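Summary of structural features
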Amino acid sequence: MTQVKLDKFCLVAAVAALLALIFPLAGVDGDTGKQVAFVGDIPGLAIAMALCVIAGAAFTWIGVRTIFHAGILLAVVIFGGWQAVDALYEYGVAGYAGLGFWLFIISLWAFVWRAIDVIANYHSLETVKQQSANILVPVAFGVWLLFVWEVVVSGFGVPQVLLPPPSMIGERFVSSMDTMAADFYQTFVKAALSGYVMGCGSAFLVAIAVDRVPFLKRGLLPLGNMVSALPIIGVAPIMVMWFGFDWQSKAAVIVIMTFFPMLVNTVTGLNAAGKLEKDLMATYASGYWSTLFRLRLPAAMPFVFNALKINSTLALIGAIVAEFFGTPIVGMGFRISTEVGRMNIDMVWAEIALAALAGTAFYGAVAYVERKATSWHPSFRVRRH
Amino acid sequence: MTLKQVVDNVAEMPASKKAVVDVKDLSLTFQTTDGPVYALSEVNLTIEEGDFVSFIGPSGCGKTTLLRVIADLEKATGGEISINGVSPEDARQARAYGYVFQAPALLPWRSIESNVTLPLEIMDLSKEERIKRAHDALKLVELNGFEKKFPWQLSGGMQQRASIARALSFDADLLLMDEPFGALDEIVRDHLNEQLLKLWARTNKTVAFVTHSIPEAVYLSSKIVVMSPRPGRIIDVIETKFPKDRTLDIRETPEFLEIAHRVREGLRAGHSNDE
Ligand SMILES: Nc1ncnc2c1ncn2[C@@H]1O[C@H](COP(=O)(O)OP(=O)(O)OP(=O)(O)O)[C@@H](O)[C@H]1O
Ligand SMILES: [Mg+2]
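Each value, and the rule that gives it
- Residues numbered from 1 in each chain as written.
- Chains lettered and ligands numbered in written order.
- Predicted model: local features only at pLDDT ≥ 70, side-chain atom pairs only at ≥ 80, totals over all residues.
- Heavy atoms only, no water.
- Helix = DSSP H or I, 4+ residues; strand = E, 2+ residues; numbered from the N terminus.
- Rg over C-alpha atoms; globule rule 2.2 N^0.38 Å.
- Buried < 20%, exposed > 50% of the residue type's maximum accessible area, 1.4 Å probe, protein only.
- Areas by Shrake-Rupley, 256 points an atom, 1.4 Å probe, with all protein chains shown as cover.
- Lys, Arg positive; Asp, Glu negative; His and termini not counted.
- Charge placed at Lys NZ, Arg CZ, Asp CG, Glu CD.
- Domains from an automatic or database assignment.
- Buried area = accessible area lost by both parts, 1.4 Å probe.
- Salt bridge = Lys/Arg side-chain N within 4 Å of Asp/Glu carboxyl O.
- Polar contact = N/O pair within 3.5 Å; in protein donor to acceptor, adjacent residues only side chain to side chain.
- Nonpolar A, V, L, I, M, F, W, Y, C, P; charged D, E, K, R; others polar.

1. Regarding the overall build of chain B
Each helix and strand counted, chain B has nine helices and nine strands in total. Its C-alpha atoms give chain B a radius of gyration of 19 Å, within 12% of the compact-globule value 19 Å for 275 residues. Along the longest, intermediate and shortest principal axes, the C-alpha atoms of chain B span 50 × 45 × 45 Å. The proportion of buried residues among the 275 residues of chain B is 55%. If you sum the accessible surface of chain B, you get close to 12,500 Å²; carbon and sulfur atoms cover 51% of it. Here chain B holds 33 positive side-chain charges and 41 negative ones, and the gap between their average locations is 4 Å.

Structure follows, in structure tokens:
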């Protein structure tokens, strides 16, 4: 007899989907004493479960071997997810989800896991295909997490004050676009960006100056650590007193937060050029500035970008937190602190989502520039052959 | 030219040749935590204009150190050294050196071409001139077609050739080459040896060349300096009388074998010293 290697994830998915058809879909309504919904009444959901059983059984035997197989699994999951959400909101399962429902979600989970695993291990010499696979993995994973959040919160009927489902946050996000745009402009564009540019820019220039003074070079690191340990909560009110309520005080907080990471990294980077390369420049009788621009600054770039990336997250956090200590009536931090007080938790979450999006985009932009500017660096060469 | 040097020239030089490198009683001691390392001791050497001097000797005998002292990358702790009649520092400022290091030392963010044009950029040459010279130098080391590649896309030997092209590109009078062909296969090595000889015959450059290969040393040189370690010193200086336009065929001549033998004997003596 030949030993057949079974695909365990698909097996789990098939069994879970089969059990989902048997166990009750929803719990009992306290008032009427009847079950809220049956699988038999929801044809779409029944079809989705049956599909999961079939696909699960089939792939248990043949295995998920190609990207095409993974695509089929993802398609099944998308259809199943859609039906699950439909059951929750159109057939009243929300708040009453039973064992059958959760078994179905587990079945989908197993499929997603297996499919993402296969896509993540996909290798192609064609850049377009490889890049689409590289993008698909985090996107699929992110969408799946949102889906789980949605069904868990509404399936168990979690109170919205504790945690609203993503759909509600999304709705609030879209309907409050005007407010959010104003908040974004105030906090991100005015405060965070200007503070970031001033903090990083000045630290960069100071680093080049400090580099020429040996004792400063050695004394800086401990000082830098001390300043980074300064609690932003203590600094922010003082900056508000110095620079007023508007974005200037927030920018000042960010300058303080971002200055030393940039300074310390740049100073370190300026000494990263190898001895041999410095000797080479010396044999050409290259002057201080020539060596700085042709050798030491390029060699420092990986360090500089490291600081730019760290600071991109620090800047947004700094701007939001600083707004808790006095601000005009606009801004992301201001909105969060006031809407929490009014129990408008969905608005708070919408602002958090905005902050996450802005922060990710900012970081991504810096990382992208880094990739272009320091593509020579060993850490970026891997996928370029 | 200083007056002293003119007098020296008249007094000491047999022909009208001028001394490019003049080293007297040169010593260099590195102070390390494990005590002093006598890298060079009492080194006396004159390299004349148009000389091709090979340095050969066991690892750690101070060949690199001597080259570095000549190039003003290391300061001697004793003795005197002058380059073209001036201090190494002044000669460096006058861009007298084309140094090929033991490792390629290419800048990873520059393409091969712009690595070769680096010294030309520092010396403020025009853009067309830079590109033209880089092209010529790369052709000489057979790297044409690789201009736009980056160092990490080239093999170790190709990188070393690029670094040779870089040293040739700016036409320094004194070429200092530290085992430039160490990483290359025999055929490429032969070819580059021939190219280097041609260049030397054509331009009257002065070359100081470190190698571990006896045939290479004998084939290329007008003067072979045999060194010995602990303390690093010169134990033999052998003049060869081959013409500048020699070919690979001379390697079969008895004269060649005789010189090779003498170098080998010198190396043996140096080695047995430290047992
Ligand atoms: N910066 C330094 N500090 C301390 N010791 C050094 C330094 N540079 C070289 N030395 C020592 O000086 C001696 C001569 O070194 P050098 O690099 O000149 O040898 P070499 O003849 O070039 O050897 P190889 O053939 O292996 O390149 C060695 O003993 C080495 O350990
Ligand atoms: Mg050496």
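2. A word on the domain arrangement of chain B
Residue and element names in this part refer to chain B. When its domains are assigned, chain B resolves into domain 1 (18-96 + 173-270) and domain 2 (110-171). Both sides of the domain 1 and domain 2 interface together cover about 1,100 Å² of buried area, and 66% of this is carbon and sulfur. Put simply, domain 1 and domain 2 have one salt bridge between them. As a salt-bridge pair, D171 and K205 come within 2.8 Å of each other at their nearest N and O atoms. The tally of links between domain 1 and domain 2 comes to three residue pairs in polar contact (both at pLDDT 80 or more). Secondary-structure elements contributing two or more residues to the side of domain 1 that touches domain 2 are strand 6 (174-178) and helix 7 (186-203). Take the side of domain 1 that touches domain 2: its biggest share by element is five residues, from helix 7. Among the residues forming the side of domain 1 that touches domain 2, the class breakdown is nine nonpolar, two polar and four charged.

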